[in-house]
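For reference, the chains in residue letters:
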Amino acid sequence: MDHLHRKLRDHEAAMFQQGYLDDQFSQLQKLQDDTSPDFVIEVMTMFFDDSEKLLNNMSRALEQVPVNFKQIDAHAHQQKGSSASVGAARVKNVCGTFRNFCEAQNLEGCVRCLQQLQQEYSLLKNNLKYLFKLQQEIKTAGRSIHTRG
Amino acid sequence: MGMAAENQFHVLAVDDSIIDRMLIERLLKTSSFNVTTVDSASKALKFLGLVEDEMRTYDTHVASEINQDVDVNLIITDYCMPGMTGYDLLRKIKESKSFKDIPVVIMSSENVPSRINRCLEEGAEEFFLKPVQLSDVSKLKPHLLKSKVKEENEQPIKRKGMEETQSPDKTRPKVSI
């Protein structure tokens, strides 16, 4: 089971190091305890659902003629907020840039930003899913052997 | 140690973001608060039993419509919400005869000094920048304890313990010494 722990630790460290996650994610982890043992997964699952909705909305909004930059900015603001709340640092940063383009009513900039946002979001989601998978494997392994403690 | 009911404060948290609601709920529960979350200012008013009509009357009779079982010790609300903002909610609460003494805390993802000042001037106890931290939540207890003391000082015939259910101030003339 040690190799699993090491894998998890290394993967988690890499996510922080590469800026996918920031300290706010650590705060979420600290809030998880016996009374709320699945807190992080619950919040991140909600974040995934919320983000996908927002990304869809932004995509559709950019296809409208004329483009409603105010509305797109509202979506970006929401996405920025939720990213900040869960520690999704890279996603949050792209949202910041996105909002600037909205304010400048720069359509090309917005379209590029949305692509970047989708990319960052995808990377984050895949990395987190892997993280959760490792955690689950450790849990399962822990149940099937009587560990020494 | 007193009775559990007496030591547990009830916080009403208002935020249109589901993620932020999950977060604030966890933060508050971790700090031993009872929590109710709602996703809008209008739902918050409904929960409090505060209907528009009550604003226009100085009389206490309409106030008796309020749900006596609702006992909120603090309200924490997001600033930016569609429809009624957290600032609007703050104002309504401070204008309300029955709820003006409930401490209100504002949260915002944006650090706008003029916004912060406006809220504090309107009577908000604290202004937290999002994402809210445990260290922020730890600042809430003093405001809650202060309100409790204030409440007790205004009613010299204060009930000891909690044998009575929430007895309304409204039926007892305010005794000033």
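Residues numbered from 1 in each chain as written. Chains lettered and ligands numbered in written order. Predicted model: local features only at pLDDT ≥ 70, side-chain atom pairs only at ≥ 80, totals over all residues. Heavy atoms only, no water.

Under an unreviewed UniProt entry, the name given to chain B is Putative response regulator and transcription factor RR-A-type family, and the organism recorded is Medicago truncatula.

Going by an unreviewed UniProt entry, chain A carries the name Histidine-containing phosphotransfer protein and comes from Medicago truncatula. In its Function (unreviewed entry) section, the UniProt record describing chain A reads: "Functions as a two-component phosphorelay mediators between cytokinin sensor histidine kinases and response regulators (B-type ARRs). Plays an important role in propagating cytokinin signal transduction." (UniProt positions renumbered as here; feature names shortened; annotations may be inferred.)

Student: Would you take a moment to explain the overall build of chain B for this structure?
Tutor: When helices and strands are counted, chain B shows 8 helices and 5 strands. Listing the helices and strands of chain B from first to last along the sequence gives α-β-α-β-α-α-β-α-β-α-β-α-α. Burial statistics for chain B: of 177 residues in total, 41% are counted as buried. Of the contacts formed within chain B by residues at least 6 apart in sequence, a portion of 63% connects residues at least 24 apart. (Helix = DSSP H or I, 4+ residues; strand = E, 2+ residues; numbered from the N terminus. Buried < 20%, exposed > 50% of the residue type's maximum accessible area, 1.4 Å probe, protein only. Contact = heavy atoms within 4.5 Å.)

Student: What is the right way to read the UniProt feature "domain: HPt" (unreviewed entry) in chain A from this model?
Tutor: Mapped onto the present numbering, the UniProt feature "domain: HPt" (unreviewed entry) falls on residues 36-138 of chain A. Overall, residues 36-138 of chain A shows 87% helix and 0% strand. The separation of its end C-alpha atoms is 18 Å.

Student: How should I be thinking about helix H8 (residues 140-154) of chain B in this particular structure?
Tutor: Two residues of an α-helix separated by three or four positions point the same way, owing to the 3.6 residues in each turn. Taking 1.5 Å as the rise per residue, H8(B) with 15 residues should run 21 Å; its terminal C-alpha atoms sit 22 Å apart, in good agreement. In this fold, the buried residues of H8(B) make contact with helix H2 (18-30), strand E3 (74-78), strand E4 (104-108), strand E5 (126-129) and helix H7 (134-137) of chain B. (Expected span 1.5 Å × (residues − 1).)

Student: Honestly, the UniProt feature "modified residue: 4-aspartylphosphate" (unreviewed entry) in chain B in this entry has me stumped. Any pointers?
Tutor: Residue and element names in this part refer to chain B. As recorded in UniProt, the sites labelled "modified residue: 4-aspartylphosphate" (unreviewed entry) are Asp78. Tracing the chain through its elements places Asp78 in strand E3. Ignoring any residue separated from it by four or fewer positions in sequence, one finds Asp78 in contact with Val14, Asp15, Asp16, Gly86, Met107, Ser108 and Lys130.

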